[in-house]
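Letter by letter, the chains look like this.
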Amino acid sequence: MTNIEGHAGAGNGSDGVGLTSAEARASKEKFGDNRLTEQKAERFWAKFRANFGDPMIKILCAALVVNMALVVASYLGWTPDKMAWYEPAGIAVAIFLATFVSTLSEYRNESAFRKLQEEASKIQCKVYRDGEIRELPIDDIVAGDAVLLQSGDKIPADGVLIEGGIKVDQSVLNGESKEAAKTAAPRGYQDEETAVNFLNPYKVWRGAVVVSGAATLRVTVVGDKSVYGEIAKELQAEDERDTPLKVKLSALASGVSKFGYIGGVVIAIALLFQRVVIANHFNAGEIAAYALNWTHLLSDLIQAFMLAVIIIVMAVPEGLPLMIAIVSALNMGKMLKDNVLVRKIAGIETAGSLNFLFSDKTGTITKGKLEAVSFADGAGNDYKRFQDAPDGLKKYLSLSLFHNTDAVLTDAVLSGEGAGAARQKAIGGNSTERALLTFAAEDGSSPRGKSAAALEKIPFDSQNKFSAATIEGGASGGPLTLIKGAPEKILDRCDYYLDKDGNAVKFSALAALNQKIDGLADRSIRVIALALYEGKIVNPNGSIDDMLPASGGWTLVGIIGIRDEIRPESITAIAEARRAGVQVVMITGDRKETAVAIAKEAGLVNNESDIALTSDELAALSDEEVKADITSIKVVARALPSDKSRLVKLAQELNYVVGMTGDGVNDSPALKKADVGFAMGSGSEVAKEASEIVILDDNFNSIDKAILYGRTIFNSIRKFIVFQLTINVSAVLVNFAAPLFGQENPLSIIQILWVNLVMDTLAALAFGGEPALKRFMKEPPKRRDEAIVSPAMWSSILTGGLWTFALSLVFLFAGFVSDLFPSVSGDDTLHTGYFALFVFTAVFNAFNARTEKLNLLDNIGGNKGFLQVLSVIVLTQTALVYAGGQVFHCFGLSLAQWKIVLLFAVSIVPVDLLRKAIASARRT
């Protein structure tokens with residue numbers, strides 16, 4: 001049972017609403033804080049064991065067990081010949097190490113990704129503490145706290161409303177999409193319900209979303225004991241859809257896999273043919289004798305089978321899907337430093353391909369620091385500051401600004417110049433309400449904390465473009481309704497205005513006032529009109545006409561000019577986005593004249609063919625008419641939420657990749673519908689959940705960076721593909737052709753496993769840290785249907801693969817090479833040299849793959865990890881040459897032999913440079 005007067009043992013603070021700090025500490029000790037027990041992430045060893053469940057690894061391990069059994073049998077004397085133990089042992093170690101390194105990389109990157117998201121996604125709540133309202137992290141809320149809830153907020157804990165009224169979306173808890181109306185419980189309310197009743201009109205639960213209205217919540221249950229906490233463990237994460245990039249990579253992997261499967265089978269057959277037929281000189285008698293030695297035959301069959309499996313393991317690009325996660329995770333820290341929080345990897349992948357970006361104005365293109373710069377009464381008299389207004393008029397101006405708002409004032413401490421000085425800060429509400437409240441609080445005499453309770457309220461709505469509140473305070477002692485909103489919604493309904501003494505005078509200067517508004521609009525200053533009337537709101541759920549009382553017109557208090565300066569960096573960022581092939585469309589609630597002035601200043605409107613529309617003008621156009629002009633539309637003024645969704649849909653129907661920015665509850669449908677939703681860091685939690693990316697500083701420049709990072713990731717993956725497929729092509733060709741010329745194992749099974757480790761996990765780490773280069777923004781956006789492997793990439797893959805194949809044939813079969821790599825005391829230096837050649841050729845080709853420029857060191861300093869990873873490969877390979885022994889079939893090389901290996905390996909660099917030069921000449 002919960003008593004509305006307060007949670008058991010929790011106080012109500014000095015103001016009768018919130019807790020004191022001491023009471024909050026006591027409540028935390030008794031009932032705990034609001035943290036939810038985190039679901040345990042998959043542990044490293046569990047992930048390691050799961051990776052051994054890969055079908056290819058299972059097959060390889062099964063073949064390894066049979067091979068080891070034969071070795072044991074030979075040592076027990078059950079076979080005529082003793083088999084070497086180090087071959088299966090080395091393979092076992094190689095499989096273990098390759099799986100371990102891959103798992104470690106995957107685990108570390110997933111952990112880093114999860115940690116970054118958790119740190120940057122903490123919800124801030126407006127909580128009454130010590131007689132004032134503060135913004136606190138959701139985890140710090142305790143039982144007994146009073147929390148201010150406003151439109152767009154996610155309810156942070158279970159509790160009872162003690163003031164106000166809201167509509168909430170409880171679908172995350174009960175699956176019902178219908179909004180539920182909640183109102184303040186009567187004083188002394190006793191909650192005797194033992195079961196959860198989502199129909200209770202006074203109670204709300206953690207996880208629900210405030211759709212409209214404002215209220216104060218008394219927290220009764222926190223953390224794991226809340227309804228949301230109880231069911232959180234059972235909630236299933238929403239399945240992520242495959243991203244366009246992942247679909248392309250999967251298709252590529254499928255095609256390359258077929259090549260690998262066919263190559264593996266053919267190579268196994270070629271190896272058996274070499275051992276059974278060629279090695280026995282095509283002599284039927286020798287072949288028959290070989291077949292009768294069942295241990296040799298079985299051993300060769302197993303060797304051929306294992307070689308086929310390993311060729312498939314190497315050829316099948318299982319690292320491609322993993323590459324997305326690795327590259328994205330490696331870039332997460334960089335992006336967060338640039339104020340870009342990626343909620344869903346799909347977003348950053350797709351951001352690089354944007355064709356259209358529908359962007360809010362306030363706080364994105366502009367600074368978002370709205371400032372009320374002037375007030376004018378109905379006679380046209382101007383006042384730059386609130387305190388400049390005459391006392392009679394100021395009384396009603398104060399009522400309008402302090403009581404018709406969802407924003408509240410709290411104490412703040414200045415930093416920097418004047419550090420330590422206290423001033424009042426507006427929080428909550430929307431940015432316009434905070435600016436108006438700050439304007440009214442300049443004289444320091446304003447009330448702090450909650451405004452006076454309204455008898456009835458209509459919160460601001462972007463559809464209606466006004467808000468209203470009824471309070472006690474009319475001239476006759478009865479109710480007084482205050483209205484604020486767009487001038488076109490209010491001025492025509494005003495029959496009177498307030499003079500300097502606060503008296504209602506006949507209003508006849510509408511034309512002059514509209515002219516003043518137009519002048520302000522030309523200076524990029526938007527205008528809010530304030531009015532009032534004696535009486536109550538007629539219909540809180542109706543339109544502006546429904547609430548107008550039949551007894552008479554309204555009285556104009558005045559108009560306030562609000563300035564929001566263009567971010568200087570937005571002008572550059574918009575130009576950069578346009579050069580990148582992204583059409584930016586500014587969507588704003590401002591009147592058309594103000595919007596066009598801002599768009600011109602921002603560089604969005606540059607010529608007569610650029611189109612600016614109001615919401616009404618857009619609605620008058622058919623879908624086909626909008627599609628015909630969509631590439632010329634640059635501004636949509638007085639926009640409604642439905643306008644955003646419509647524009648996204650129409651652009652997508654034309655096969656464009658579309659991004660949308662938003663910060664409010666009403667923006668959520670458009671954010672979800674867009675290919676990439678960009679939520680603002682200062683926006684509602686609902687908008688953030690509907691988005692793929694959160695722009696933490698609300699800055700258009702950060703959206704540019706998100707696009708750049710998207711293109712960087714895409715290009716990094718393409719570089720990785722070139723590197724990997726070049727090795728795939730050459731390895732399969734060499735292992736197929738060599739047995740037919742008498743070289744049954746140009747690369748041993750263990751050597752191939754090492755090469756596989758080089759080209760998968762280590763290569764992903766090397767290419768994953770490529771820097772975000774400005775020149776990527778000069779590339780056109782990638783089409784939805786564009787293949788992941790471009791013709792230029794195929795040119796690089798085939799050139800590098802065929803050259804490596806040709807080098808291999810020369811190295812393995814040319815007489816002058818064999819003379820330089822003789823067998824010494826049974827040690828095979830030729831195959832030692834070839835193993836080094838194959839790996840070092842891949843290393844040199846990595847420099848070719850990482851840049852399309854002729855300068856192979858282009859921006860190499862931006863990816864220090866590239867050189868570090870390649871250094872590890874080189875040092876490890878050198879160590880294997882001298883210390884690999886029988887396990888790796890490596891027996892050391894002389895200085896002269898090293899010269900030949902490196903000369904052959906480095907030759908792939910000038911070959912690819914020649915290819916690049918020819919391709920460049922053809923383009924020009």
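Rules used in this analysis
- Residues numbered from 1 in each chain as written.
- Predicted model: local features only at pLDDT ≥ 70, side-chain atom pairs only at ≥ 80, totals over all residues.
- Heavy atoms only, no water.
- Salt bridge = Lys/Arg side-chain N within 4 Å of Asp/Glu carboxyl O.
- Helix = DSSP H or I, 4+ residues; strand = E, 2+ residues; numbered from the N terminus.
- Expected span 1.5 Å × (residues − 1).
- Buried < 20%, exposed > 50% of the residue type's maximum accessible area, 1.4 Å probe, protein only.
- Contact = heavy atoms within 4.5 Å.
- Phe/Tyr/Trp six-rings, centres within 6.5 Å; stacked < 30°, edge-to-face > 60°.
- Lys NZ or Arg CZ within 6 Å of the ring centre and 35° of its normal.

A separate point is the pattern of salt bridges. This structure, assessed with the given rule, holds 36 salt bridges. In this structure, Arg 129 and Asp 145 form a salt bridge, with 2.8 Å as the shortest nitrogen-oxygen distance. Residue Arg 129 is located in strand β2 (residues 124-129), and its partner Asp 145 is located in the loop between β3 (132-137) and β4 (146-150); the two are separated by 16 residues in the primary sequence. Three or more residues are tied together by salt bridges with common partners; here these are Asp 623, Glu 624, Lys 627, Arg 646, Lys 649 and Glu 653.

A rise of 1.5 Å per residue sets the reference length of helix α25 (residues 791-813), with its 23 residues, at 33 Å; its end C-alpha atoms lie 33 Å apart and thus fit the reference within 8%. Met 793, Ser 796, Ile 797, Gly 800, Gly 801, Thr 804, Phe 805, Leu 807, Ser 808, Phe 811 and Leu 812 are the residues of α25 that are buried. As for α25, its buried residues are in contact with α23 (700-740), α26 (815-820), α27 (829-849), α30 (895-906) and α31 (908-923).

What follows deals with the packing of aromatic side chains. A full pass over the atoms with the stated rule returns 21 aromatic pairs. Summarising the aromatic geometry, the rings of Phe 44 and Trp 45 are spaced 5.0 Å apart at their centres and angled 80 degrees between planes, so their arrangement reads as edge-to-face. Classification of Phe 44 by relative accessible area gives buried; the value is 12%. Ring centres of Phe 811 and Phe 821 lie 5.0 Å apart, and the angle between their planes is 55 degrees; this geometry places the pair in the tilted category. Taken together, the residues Phe 811 in helix α25 and Phe 821 in the loop between α26 and α27 connect sequence positions 10 residues apart. Look at Phe 811 and you get buried, because its relative accessible area is 0%. A relative accessible area of 3% means that Phe 821 is categorised as buried. A cation sits over an aromatic face here: Lys 506 above Tyr 496, 5.3 Å from the ring centre. Above the face of the Phe 866 ring, Arg 850 is positioned so that its terminal group lies 5.5 Å from the ring centre.

A few words now on unusual backbone geometry. Unlike most non-glycine residues, Asp 130 shows phi in positive territory, near 55 degrees. Relative to the helices and strands, Asp 130 is located in the loop between β2 and β3. For Arg 638, which is not a glycine, the phi torsion comes out positive at approximately 50 degrees. The residue Arg 638 is located in the loop between β25 (633-637) and α20 (641-653) in this model.

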